[in-house]
Amino acid sequence: MNISSKVIRDLFPILHQKVKCRPLVYLDSAASSQKPIQVIEAMKLYYEWNHANVHRGVHTLAFRATEAYEAARLKTARFLHAKSEKEIIFTRGATAALNLVASSYARAVCKPGDEIIISEMEHHSNLLPWQQAAKATGAVLKYIPLQPNGTFSIEDVKKTITARTKVVSVSHVSNVLGMANPIKEMAAIAHKNGAVLVVDGAQSAPHFKVNVQELDCDFYAIAGHKMCGPTGIGVLYGREALLEQMEPNEYGGEMIEHVGLFDSSWKELPWKFEGGTPIIAGAIGLGAAIDFLEQVGMDNVAKHDEHLTRYAVERMKEMEDLTLYGPEDGRLGLITFNLKSIHPHDVATVLDTFGVAIRAGHHCCQPLMRHLDVVATARASFYLYNTEADVDQFLFALEKTIAFFQE
Ligand code: C6P
């Protein structure tokens, strides 16, 4: 990185603490990233000086709050390379964004016998909304078959999508396998068959440049808290023409134009999808996170995360009784693994005694766990504030864990 990860690390106050008497090594960013001082300060400034409700007041604070909220939307549109800020809907998170598409688009468009296509590698947030939409509409839920290592081939994508397919929804980057799926090619196949492509970008947008126009996807969901922003804010990008044709998923204040006793009309995009007082502080925090990531440069973030992942994988490959999950190459920012005969929760618990935070469990991917024939795994994930020294400490703790359980 142009800016060293040590300098970046200094901008994250939470990382300057000891856990179990050791310097904290935070390797759980795929679950939720830490926040730089810029994001914390932007939210503090908002609450200390500029807080008011948006879009309704005529007083100075209402004006400032509205300006800051809508500025965050403009930044997000630029970050995702959307054509217009009208295509950016603020939601509670990636889960809420995916549910919005499933309820407002799929449930309106799908008829009995139509197809919704996903894969078994999906996070539950990109699986359950489609299961429910299929049940509600009589559509058939189909899965792209997975290879033994959990990935799918473009040949299988071609075979699975048909003229009956209305929606295809896949993750850009798997939160377990760590590699990117071929979104551009999938968009072309989906469109050739008259379907839309929904992308779960929760694990991609934090790590590399996303250009929704280049990808040619129809919807793209992201989670602010995984990309240096606060919790409680996410984004749904949607192609303007599709969002125009969709009904709101929540009704109430903020999203209306005219309310009659028996009928009402909605605001224009994007506000018709933001019923009630919106997530003002969250959006402002996300805007500050985007400013920060752009200052570092997303290409630099990608290079750095890839480097740390490769650095760790090379050494983990040499460890006895350690199984790595996912493809040989292309892991971006996360490594999922198991140690023979040691439950991943035990691995994570022992690592914590070394100040190293990793995640263990099914990672909200139970179907993928079954496909990989495991009940759970351990997962270490890296981000722009991690250093090679963090990886060294993680590997040292891992070796100690293996030795501890061998005694
Ligand atoms: N994955 C993980 O540790 P929310 O919770 O709405 O911000 O994001 C949900 C989500 C959707 N898709 C993918 C690919 C994800 O990884 C996640 C969140 C976390 O892997 C928590 S389970």
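Residues numbered from 1 in each chain as written. Predicted model: local features only at pLDDT ≥ 70, side-chain atom pairs only at ≥ 80, totals over all residues. Heavy atoms only, no water.

Comments concerning the pairing of strand S4 (residues 88-91)
Strand residues, when the strand is regular, have side chains that alternate between the two faces of the sheet. The alternating pattern of S4 places Ile-88 and Phe-90 and Ile-89 and Thr-91 on opposite faces, both of which are buried. Strand direction decides the pairing type here: S4 and strand S10 (residues 234-238), joined by 4 bridges, are antiparallel. Pairing of Ile-89 across the sheet is with Leu-236, part of S10. (Buried < 20%, exposed > 50% of the residue type's maximum accessible area, 1.4 Å probe, protein only. Helix = DSSP H or I, 4+ residues; strand = E, 2+ residues; numbered from the N terminus. Pairing = 2+ DSSP bridges.)

Let's talk about the domain arrangement of the chain
Accessible area lost on assembly of the parts is the figure often given for the size of an interface. When the domains of the chain are assigned, the result is domain 1 (6-30 + 298-406) and domain 2 (40-295). Taken over C-alpha atoms, the centre of domain 1 sits 28 Å from the centre of domain 2. When domain 1 packs against domain 2, the two sides together hide about 2600 Å² of surface, and 64% of this comes from carbon and sulfur. If you look at where domain 1 meets domain 2, you find 1 salt bridge. Seen at the junction of domain 1 and domain 2, the total is 15 residue pairs in polar contact (both at pLDDT 80 or more). (Domains from an automatic or database assignment. Buried area = accessible area lost by both parts, 1.4 Å probe. Salt bridge = Lys/Arg side-chain N within 4 Å of Asp/Glu carboxyl O. Polar contact = N/O pair within 3.5 Å; in protein donor to acceptor, adjacent residues only side chain to side chain.)

Brief notes about the sheet that holds strand S16 (residues 359-361)
Read from one edge to the other, the open sheet built from 4 strands follows the order S13-S14-S17-S16, with strand pairing classed as antiparallel. Edge positions in the sheet fall to strand S13 (322-325) and S16, since each has one partner strand and no second. Strand-to-strand twist in this sheet, taken as the mean axis angle between neighbours without regard to direction, amounts to 30 degrees. Strand direction decides the pairing type here: strand S14 (residues 334-339) and strand S17 (residues 377-381), joined by 4 bridges, are antiparallel. From the neighbouring strand, Thr-336 faces S17, where its bridge partner is Arg-379. Packing of helix H14 (residues 388-406) onto the sheet brings it into contact with S13, S14 and S17, and relative to S14 it is tilted by some 15 degrees. (Axes fitted to C-alpha atoms, helices over the stretch in contact; angles between N-to-C directions. Contact = heavy atoms within 4.5 Å.)

Observations regarding the packing of aromatic side chains
Counted under the stated rule, the structure contains 10 aromatic pairs. Considering the side-chain rings of Tyr-251 and Trp-266, the 5.2 Å spacing of their centres and the 55 degrees angle between planes classify their relative orientation as tilted. Of this pair, Tyr-251 sits in the loop between helix H9 (240-245) and strand S11 (256-259) while Trp-266 is found in strand S12 (residues 264-266), placing the two residues 15 residues apart along the sequence. Between Tyr-383 and Tyr-385 the ring centres are 5.7 Å apart and the planes differ by 80 degrees, which places this aromatic pair in the edge-to-face class. Taken individually, Tyr-383 and Tyr-385 each receive the classification buried, so the pair is uniform in this respect. One aromatic cluster is present, built from ring pairs that chain together Phe-12, Phe-292, Tyr-383 and Tyr-385. Sitting over the face of the ring of Tyr-311, Arg-315 holds its NZ or CZ atom 5.9 Å from the ring centroid. (Phe/Tyr/Trp six-rings, centres within 6.5 Å; stacked < 30°, edge-to-face > 60°. Lys NZ or Arg CZ within 6 Å of the ring centre and 35° of its normal.)

Details of the pattern of salt bridges
The tally for this structure, following the rule as stated, stands at 23 salt bridges. For the salt bridge of Glu-48 with Lys-44, the shortest nitrogen-to-oxygen distance reads 3.5 Å. Of this pair, Glu-48 and Lys-44 both sit in helix H2 (residues 37-50), 4 residues apart, which is roughly one turn of the helix. Taking relative accessible area as the criterion, Glu-48 reaches 51% and is therefore assigned exposed. Where salt bridges share partners, they join Glu-70, Arg-73 and Glu-274 into one cluster.

Some remarks on the site of the ligand
What surrounds the ligand is a group of 16 residues, the closest being Thr-95, Asp-200, Gln-203, His-225 and Arg-359. Residue Thr-95 places a side-chain N or O atom 2.5 Å away from an oxygen atom belonging to the ligand. One nitrogen or oxygen atom from the side chain of Asp-200 is found 2.6 Å from a nitrogen atom belonging to the ligand. Along the lines of polarity and charge, the residues of the shell around the ligand split into 6 nonpolar, 6 polar and 4 charged. Mapping the shell around the ligand onto the domain boundaries places at least three of its residues in each of domain 1 (6-30 + 298-406) and domain 2 (40-295). (Near = heavy atom within 4 Å. Nonpolar A, V, L, I, M, F, W, Y, C, P; charged D, E, K, R; others polar.)

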